[in-house]
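A closer look at the structure
So you can see what is in the structure, the chains are spelled out below.
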Amino acid sequence: MAAAGGELRELLEGILARYADARAGEPFGEEHPLWGAFKALRQALSAHPAVRAVPTLRVSWSAGFGTWAKVPWVALLDTRETTNVREGVFCALLFRQDTSGVYLALCQGASEPRKQVGREIARTLLRARAAGLRGLCDALPELGFALDDRMDLRADAAPVADPSATVAHKLYEAGSVPPDAILSRDLEALLAAYGRCVEEKERAAALPAAGAWAAEPERWDEPWDRAAATAALVEYVGRRGFVFEPWQVASYATALRTKPFAILAGVTGTGKSR
């Protein structure tokens, strides 16, 4: 039976209260009560009106693989933007490693960008993108969300979402998770901001490419900073109406710096000329 505060609060508080003991040495797997709690949380979010209203939203979760994760999560993924938590922008419930609270956040997957361009450049690119996306989230601070990169998961290893690349976040402390009415309000507001981020990317993708590579004045007197230069290239490409993931632009630039040519494979009409 759900607590007076509602099903979502009951599930979140239950996970926060129980997770540390499970990670300390209890068997991992479907037989553990926490597994059922995460599945129930996924089902509750999937059935939420704000989620059901967006046909492209999918809910995923992970408490680890073979052993309990240090930072378990439940993610809401818009398939127009991403289908996994390794890249792209998504909403998530991220549990602190010390189980002192859980964040509701709009964040970015870091695993794929790190693999493609390295940790340093990936962080620069993700931070730049987060700064741009915050302009679409100006209604969130009224509800207690922070629009900065100071989400503190208290993790001693890299979590699925890089806190330094977070767009927006709000902490619910263990023992003080608000009633479902507040949780629903916050979720609806965050999903609305997420939708604006996805739609803005789709609008940019539809811009005409004519004149996209018109020359701009070059600045040769500034000191070379690879990370800053890569971020500037990503920003330049975006201003011209092209839509690529930052790691894709960085990978292509790296290929051209390695050899003075690049061969792009693909069937006609997939965008090689662009």
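For the structure, see preceding data.
Below is a summary of the structure that appears in this document.

Cut-offs and rules
Residues numbered from 1 in each chain as written. Predicted model: local features only at pLDDT ≥ 70, side-chain atom pairs only at ≥ 80, totals over all residues. Heavy atoms only, no water. Helix = DSSP H or I, 4+ residues; strand = E, 2+ residues; numbered from the N terminus. Buried < 20%, exposed > 50% of the residue type's maximum accessible area, 1.4 Å probe, protein only. Contact = heavy atoms within 4.5 Å. Areas by Shrake-Rupley, 256 points an atom, 1.4 Å probe, with all protein chains shown as cover. Axes fitted to C-alpha atoms, helices over the stretch in contact; angles between N-to-C directions. Parallel < 35°, antiparallel > 145°, perpendicular 65-115°, else oblique. Left-handed = near helix turned anticlockwise from the far one by under 90°. Nonpolar A, V, L, I, M, F, W, Y, C, P; charged D, E, K, R; others polar.

With that out of the way, let us pick up the overall build of the protein chain. The helix and strand tally for the protein chain stands at eight helices and five strands. Per-residue burial over the protein chain gives 45% buried out of 274 residues. Within the protein chain, residue pairs in contact and separated by at least 24 positions form 62% of the contacts whose partners lie at least 6 positions apart. When the accessible surface of the protein chain is totalled, it reaches about 14,400 Å², and 55% of it is carbon and sulfur.

A word on the packing of helix α1 (residues 7-23) against helix α2 (residues 33-46). For any two helices packed against each other, one specifies the inter-axial angle together with the distance between the axes. Look at α1 against α2: their axes get within 10 Å of each other, and the N-to-C directions meet at 155°. Between α1 and α2, the interaxial angle falls into the category roughly antiparallel. The crossing of α1 and α2 is left-handed. On α2, the residues that touch Glu7, Leu8, Leu11, Leu12, Gly14, Ile15, Arg18, Tyr19 and Ala22 of α1 are Leu34, Ala37, Phe38, Ala40, Leu41, Ala44 and Leu45. Classifying every residue of the contact of α1 with α2 by side-chain character gives 13 nonpolar, one polar and two charged.

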